[in-house]
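Observations on the model geometry
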Amino acid sequence: MLAALALAAASVATEPARCQRELVVLGAGQDAGAPQIGNVGDEGPDLWPSALALVDRENGQRYLFDATPAITAQLALLDRIEPPAQGLGIDGIFLTHAHIGHYLGLAWLGREAAGASGVPVYAMPRMAEFLRGNGPWSQLAELGNIALTKMAASEFTVLSDEFGVMPILVPHRDEYSETVGFFIMTPDQTALYVPDLDSWDEFAEASGQSLEDLVEGFDLLFLDATFWNDGELEGRDMSAIPHPRVKATMERLADLDAETRGKVHFIHYNHTNPIRDPASAESRAVEDSGFNVARRSDRFCLSE
Ligand SMILES: [Zn+2]
Ligand SMILES: [Zn+2]
């Protein structure tokens, strides 16, 4: 009996610390994923559109950042990492903006698919109006599949004593909605998710914060890496196409120390971006420069 108790105590003592709050990369591609529609013969690694999940084990909750067209597979991936406490197991979805890779997945909460009940969807005011005012999204709200909750720029949505989320406005093509990135706060670590923006200079002009300030200020950053460099889209003049280029972002941050550079994870890469392939010279160049490429299934413990 005593031996059994001692054994039990020992096994508890040696169990690895459980991660209480963990970020999981559910996808790292641009909106259209890869292979992209119409690209015959694309044999490169497949990509799902960018999304993160936050698993809060202490409170038995799971949150999504962006609802992509690949939400079915992405939720299944999350279920393998942390099964839902009950039902669908989505305690909230934070939407960055109304471009296809970032919100179409909401459709799978409706009656043709999950038939969800009251999933909190956190959206900026224009984004919330857009969903409320246009089918099929309006039906999700009317039937109560989703519960739209408005956020305000630079104001925290407090989800528990240990977890809050703040939207940060970023410059982008805002046809239907504002565009935000998310500041994810836990007592131990902070993360920033900015999958989509036009330029860091415009962001600095509008916010007074440079990219360098952001990288210094957060513990973990997931940043727009849509294109590697100009010339990537064959036959198109890319000077008019926004998005910071990965190459330029790395040059801009080259003077930061290695530990600081290591906080940056590139995400939202286009099917044409060579960092899509982990074996490419460009992926190696990112790593050799001390940065990271976010990959589907990457996991980061924010608090133990
Ligand atoms: Zn996008
Ligand atoms: Zn976009």
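Keep in mind that what you see is a predicted model, and the values were worked out from it rather than measured. (Residues numbered from 1 in each chain as written. Chains lettered and ligands numbered in written order. Predicted model: local features only at pLDDT ≥ 70, side-chain atom pairs only at ≥ 80, totals over all residues. Heavy atoms only, no water.)

**Structural notes on the packing of aromatic side chains**
If you walk through the whole model with that rule in mind, you get 14 aromatic pairs. Geometrically, the ring pair formed by phenylalanine 266 and phenylalanine 291 is tilted, given 5.9 Å between the ring centres and 45° between the ring planes. Placement of phenylalanine 266 in strand β12 (residues 264-267) and of phenylalanine 291 in the loop between α10 (281-288) and β13 (292-293) is noted, with a sequence separation of 25 residues between them. For phenylalanine 266, a relative accessible area of 0% translates into the label buried. Sitting over the face of the ring of tryptophan 48, arginine 296 holds its NZ or CZ atom 3.7 Å from the ring centroid. (Phe/Tyr/Trp six-rings, centres within 6.5 Å; stacked < 30°, edge-to-face > 60°. Helix = DSSP H or I, 4+ residues; strand = E, 2+ residues; numbered from the N terminus. Buried < 20%, exposed > 50% of the residue type's maximum accessible area, 1.4 Å probe, protein only. Lys NZ or Arg CZ within 6 Å of the ring centre and 35° of its normal.)

**Details of the coordination of the zinc ion (ligand 1)**
The coordination sphere of the zinc ion (ligand 1) contains the protein donors Asp31 (OD), His102 (NE2), Asp196 (OD) and His268 (NE2), at a distance range of 1.9 to 2.2 Å. Coordination of the zinc ion (ligand 1) draws on donor residues from a single chain, spaced D-x70-H-x93-D-x71-H in sequence. The distance between the zinc ion (ligand 1) and the zinc ion (ligand 2) is 3.6 Å, with aspartate 196 acting as a donor to both metals. Placement of histidine 102 in helix α3 (residues 100-103) and of aspartate 196 in the loop between β10 (190-194) and α6 (200-207) is noted, with a sequence separation of 94 residues between them. Accessibility classification places histidine 102 together with aspartate 196 in one group, the buried group. (Donors = N, O, S within 2.8 Å, 3.2 Å for Na, K, Ca; no water.)

**Section: the coordination of the zinc ion (ligand 2)**
Geometry reference: four tetrahedral donors at a metal, ideal angle 109.5 degrees. Six octahedral donors, ideal angles 90 or 180 degrees. In this structure, His97 (NE2), His99 (ND1), His172 (NE2) and Asp196 (OD) serve as the protein donors to the zinc ion (ligand 2), at separations of 2.2 to 2.5 Å. Counting gaps between the donor residues of the zinc ion (ligand 2) yields the pattern H-x1-H-x72-H-x23-D.

**Examining the UniProt feature "domain: Metallo-beta-lactamase" (unreviewed entry) in the protein**
In the numbering used here, UniProt assigns the feature "domain: Metallo-beta-lactamase" (unreviewed entry) to residues 49-268. The straight-line gap between the two end C-alpha atoms of residues 49-268 is 7 Å; of that span, 25% is helix and 25% is strand. (UniProt positions renumbered as here; feature names shortened; annotations may be inferred.)

**With respect to the state of the cysteines**
Considering all chains together, one arrives at one disulfide under this definition. Residue pairing for cysteine 19: its cysteine sulfur links by disulfide to cysteine 301, the two sulfurs lying 2.1 Å apart. In this structure, the disulfide formed by cysteine 19 and cysteine 301 twists by about 110° around the S-S bond and is classed as right-handed. Linking cysteine 19 in the loop between α1 (2-14) and β1 (21-27) with cysteine 301 in strand β14 (residues 299-303), this pair joins segments that are 282 residues apart in sequence. Accessibility expressed as a relative area gives 12% for cysteine 19, which makes it buried. (Disulfide = S-S within 2.5 Å.)

**Brief notes about a nonpolar patch on the surface**
Among the surface-exposed residues, Phe156, Val158 and Met185 lie close enough to one another that they form a single nonpolar patch of about 270 Å² accessible area. By secondary structure assignment, the location of methionine 185 is in strand β9 (residues 180-185). Looking at methionine 185, the relative accessible area reads 35%, which means it is partly exposed. (Patch = residues over 30% accessible without salt bridge, like charges linked within 9 Å, V, L, I, M, F, W, Y side chains within 5 Å. Areas by Shrake-Rupley, 256 points an atom, 1.4 Å probe, with all protein chains shown as cover. Salt bridge = Lys/Arg side-chain N within 4 Å of Asp/Glu carboxyl O.)

**A closer look at the pattern of salt bridges**
If you walk through the whole model with that rule in mind, you get 14 salt bridges. Taking the shortest distance from any N to any O, the salt bridge between arginine 276 and aspartate 42 comes out at 2.8 Å. Of this pair, arginine 276 sits in the loop between β12 and α10 while aspartate 42 sits in the loop between β1 and β2 (51-56); the two residues are 234 residues apart in sequence, bridging distant segments of the chain. Classification of arginine 276 by relative accessible area gives buried; the value is 6%. Arginine 245 is the partner of aspartate 230 in a salt bridge, and the nearest nitrogen-oxygen pair spans 2.7 Å. Highlighted residues: aspartate 230 in the loop between β11 (220-224) and α8 (246-252) and arginine 245 in the loop between β11 and α8, separated in sequence by 15 residues.

**Comments concerning the sheet that holds strand β8 (residues 163-169)**
The strand order across the open sheet formed by seven strands is β7-β8-β9-β10-β11-β12-β13, and the pairing between neighbours is mixed. Either end of the sheet is taken by a strand with one partner, and the two such strands are β7 (157-160) and β13. (Pairing = 2+ DSSP bridges.)

**Notes on the environment of alanine 107**
In this structure, alanine 107 sits in the loop between α3 and β5 (119-123). C-alpha separation for the pair alanine 107 and alanine 67, spaced 40 residues apart in sequence, amounts to 9.0 Å.

**Observations concerning the sheet that holds β14**
Spatially, β6-β5-β4-β3-β2-β1-β14 is the arrangement adopted by the seven strands of the open sheet, whose pairing is mixed. Of all the strands in the sheet, the pair left with one neighbour each is β6 (146-150) and β14. Direction aside, neighbouring strands of the sheet carry axes that sit 25° apart on average. Pairing of β1 with β14, which is carried by four bridges, proceeds in the antiparallel orientation. Within the sheet, the bridge partner assigned to arginine 21 lies in β14 and is serine 303. (Axes fitted to C-alpha atoms, helices over the stretch in contact; angles between N-to-C directions.)

**Concerning the pairing of β9**
Moving residue by residue along a regular strand, the side chains alternate between the two faces of the sheet. Burial within β9 is extensive, with five of its six residues counted as buried. Across four bridges, the pairing between β9 and β10 is antiparallel. What sits directly across from phenylalanine 183, in β10, is leucine 192.

**Observations concerning α6**
Among the residues of α6, the N-terminal cap falls to serine 199, whose side-chain oxygen and the backbone nitrogen of aspartate 201 are separated by 3.3 Å. Within two residues after α6, glycine 208 carries a phi angle of roughly 75°, on the positive side. (Polar contact = N/O pair within 3.5 Å; in protein donor to acceptor, adjacent residues only side chain to side chain.)

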